[in-house]
Amino acid sequence: MASGYELARRYRRLGHAVIAATLLGGLVLTAASQKLAGDRALEAVRASAGETLALQQETLTGILEKYRLLPPLLSRRADIVSVFERPWAGDNRSTARDKAIEIAGFSGAKDVAFADAEGRIFASARGIFDNSSVHESTLFEAANQGRLGRETMALNENERAYVFASAVRLDNQSKGVIAVYVRFDQIEATWSLSTNPIVVTGADGIIFLGNREDWQLRRLKSGADPILAPVNVAGGVYDLPGGGRVVEASRNLPLLNWTLHVLADHTPVDAARRNAIIIAVLAAALAGIVAWFLFQRRAALEQRLRRDRASALRLERLVRDRTAELSASNFSLEREVEVRTEAEAQLRRTQSELIQAAKLAALGQMSATLSHEYNQPLAAIRTYADNAGQLLQRGQPEAAQDTLRRISGLVDRMSELSRTLLAFARKPGTTVYDVQLGPVVGEALMLVGPRAKRAGVTIRRGDLDGSLTVRAGRVRLTQVVVNLVNNAIDALSGIGSDRVTREPQITIGAKRDGTTTRLIVEDNGPGIAEARPDQLFEPFYSTKGVGEGIGIGLSIVYSIVRDFGGTIDVGVSRAGGALFVINLVSADADSATVLEEAGE
Ligand code: ADP
């Protein structure tokens, strides 16, 4: 695709070409049309001149014809022939003169003259030729040879006449000649009406008749000093001496051996040419303007098309790029999804492996703990049983009974442990409902009260609004409180640590904090031994010795609270002991209902 600059340059070049073509076309058109129009106008002028020529020829020949037959007719008249018998006789001359006057009178001829056999004029009507002779002329010769004689004659410098002559014969002998002189005044008078020059030239090319007086007896167009200056001889175009241009049309009059010329005005040809030039120039200019306009429109269209093409290409490229980007991001997303799916699968695998490992670990820990828990009383029972046997053998039944009571106590403890394990293993209820905290804490204290008393631990009800209600299960929540208080009693009693607390004290409180209600159990014991927070709630994690704890209390608490949708926070109490905060979901206090927890 051409660049914008190249396109502009191309169009500038094309524009110059259009201008040049218009100029050239205009020139050719102007030349051709002026030639054509000029030729056609010339033709028209020539045609019109031709018509004039034909008309004037008719006029001329018509006038001359009238006189042509006069001499032959007169030469046959007896009274005319008689005057030729004795031409020079005294009375004959006057008779002859009368005849001549008569003939001139009725024919309208300029003059009528009678000449003897030698050519001497013995009588004439007007006396114009009295002193001249015609015998020297070819006219006379022609008349004597029996033909019609004819001749143009100059009467004086300005006047010319045409002569028709015929011989008068008597006894087959030429007695003389009758000559009729015709003047051209009448013809010239007719022609003077025409604005175009009309002239007649003789065989010698000299004008002897015409409607231009100053041209008389001059050469028209050939020979020395002609009137017309040739411009286009083939076209018959000549320049006039005083300025102006004419178109010549000529015709030979064979009978007279004359040439009739009509010089038509050339102006219409010039005008036609001028008009043709003007029209051609205007047409060329118009064509140029139209071409320029079309060219400009074409250029603008091309420019617009180019712009459209460029923007379409840009758009296409943009779409392509965007598509490529999208495909790339799609691909990377697919890759990411694959990686994540893979990672998730890996995580699941690891998780299940961990769970498996944890289960195994828990099982191992549980087996170790339980075998420890059960082996110790079993070993003691075995020892006590042996002792009891020996005591019975020695005959000490009271001591043996005491030993058997110890065995029974140990069996009770093992049963208790078994029950605890069963409770741990049993799937607890999962339903939650609104539970008031007051009764739950009361019930728990009733259960753990005797043990606390024995251990000398004081249990205080701190900030406890008994009407606070949470979403929980009554029995399970009681178990949570019991477990926490039991742990606290253990800690305060030095179980799991080697410190005995003075004025051991447990405080149970609760407060509502919006949608959460916190149940707090704290003591002033030694506090939580160093342990990971999550480790504390793992099953079978315990710092206590054999027979003192198997590490499932907090694990049970954790799973119960989780079932309630709550959480547990562990910390240090204000007295420096352990602090357990159970965060439970608050129930709407007004609509609180305490339900019996069936099956818990
Ligand atoms: P057990 O009581 O059988 O050891 P628990 O799961 O109830 O098992 O308790 C786990 C451990 O948490 C206890 O061994 C003890 O170290 C610690 N513990 C729990 N309650 C307290 C407390 N009130 N003060 C100090 N340590 C505590």
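The structure we're discussing is the one just above.
A brief report on the enclosed structure follows. Please read these numbers as outputs of a predicted model, since none were measured by experiment.

Cut-offs and rules
Each residue is numbered by its place in its chain's sequence as written, counting from 1. Restriction of local features to residues with pLDDT of at least 70 applies here, the model being predicted, together with a cutoff of 80 or more for giving and counting side-chain atom pairs; totals for whole chains, interfaces and linings are based on all residues. Neither water nor hydrogens contribute to the side-chain values; these are computed over all heavy atoms in the structure. Whether two strands pair comes down to DSSP finding at least two bridges between them. In this description a helix means any DSSP run of H or I spanning at least four residues, a strand means any run of E spanning at least two, and both kinds are numbered starting from the N terminus. Angles shown run from 0 to 180 degrees and are taken between the N-to-C directions of axes, each axis being a line fitted to C-alpha atoms and, for helices, limited to the stretch in contact. Here a salt bridge means any side-chain nitrogen of Lys or Arg lying within 4 Å of a carboxyl oxygen belonging to Asp or Glu. Working definition: with a 1.4 Å probe on protein chains only, accessible area under 20% of the residue-type maximum means buried, over 50% means exposed, and in between means partly exposed. In these notes, residues near a molecule or strand are those with any non-hydrogen atom within 4 Å of it. Any N or O atom pair separated by 3.5 Å or less is treated as a polar contact, with the protein-specific requirement of one donor-capable and one acceptor-capable atom, and with residues adjacent in sequence counted only for side-chain atom pairs. Note that accessible areas follow from Shrake-Rupley with a 1.4 Å probe, and for residues the cover is restricted to the protein chains shown. A pair of aromatic rings is counted whenever rings of Phe, Tyr or Trp (Trp by its six-membered ring) have centres within 6.5 Å, and the orientation is called stacked for planes under 30 degrees apart, edge-to-face for over 60 and tilted otherwise. Consider the ring centre and the ring normal. A charge sits over the ring if Lys NZ or Arg CZ is within 6 Å of that centre and within 35 degrees of that normal.

## Digging into the sheet that holds strand E15 (residues 505-513)
Within the open sheet, the 5 strands sit side by side as E13-E15-E16-E18-E17. Their pairing is mixed. The open sheet has two free edges, formed respectively by strand E13 (458-464) and strand E17 (567-572), since each of these has just one partner strand. This sheet shows a mean twist of 15° between the axes of neighbouring strands, independent of strand direction. Pairing of E13 with E15, which is carried by 5 bridges, proceeds in the parallel orientation. In the strand pairing of E15, arginine 461 is matched with isoleucine 508.

## Looking at the pattern of salt bridges
When charged atoms on two side chains of opposite charge get close, those side chains can pair. Scanning all chains against the criterion turns up 23 salt bridges. With its nearest N and O atoms 2.6 Å apart, the salt bridge here joins aspartate 39 to lysine 35. Here aspartate 39 and its partner lysine 35 are both found in helix H1 (residues 4-68), 4 residues apart, which amounts to about one turn of the helix. Looking at aspartate 39, the relative accessible area reads 31%, which means it is partly exposed. What makes lysine 35 partly exposed here is its relative accessible area of 48%. Where glutamate 342 meets arginine 349, a salt bridge forms, and the shortest distance between an N and an O atom there is 3.7 Å. Given a relative accessible area of 38%, arginine 349 falls into the partly exposed group. One salt-bridge network, in which partners are shared between bridges, spans Arg77, Asp79, Lys99 and Glu102.

## Here we look at the site of the ligand
Near the ligand lie 18 residues; those nearest to it are Asn487, Asp523, Ser542, Thr543 and Lys544. Contact between the ligand and aspartate 523: a nitrogen atom at 2.9 Å from a side-chain N or O atom of the residue. Protein chains bury 94% of the 520 Å² of accessible surface belonging to the ligand in isolation. Those elements that provide at least two residues to the shell around the ligand are helix H10 (474-492) and helix H12 (553-563). If one sorts the elements of the shell around the ligand by residue count, H10 sits on top with 3 residues.

## As for H12
Listing the buried residues of H12 in full gives Leu554, Ser555, Ile556, Val557, Ile560 and Val561. After H12 finishes, the residue glycine 565 shows a positive phi value of roughly 80°.

## Remarks on the packing of aromatic side chains
By the definition in use, this model includes 8 aromatic pairs. Relative to tyrosine 558, the ring of phenylalanine 537 lies with its centre 5.6 Å away and its plane at 40°, an arrangement referred to as tilted. Note that phenylalanine 537 is positioned in the loop between helix H11 (533-536) and H12 and tyrosine 558 in helix H12, a separation of 21 residues in sequence. We classify phenylalanine 537 as buried; its relative accessible area is 12%. Tyrosine 558 sits in the partly exposed class, given a relative accessible area of 39%. An aromatic cluster is built from Phe84, Trp88, Phe114 and Phe122, whose rings are joined through pairwise contacts. Lying across the ring of tryptophan 215, arginine 212 places its NZ or CZ 5.1 Å from the centre.

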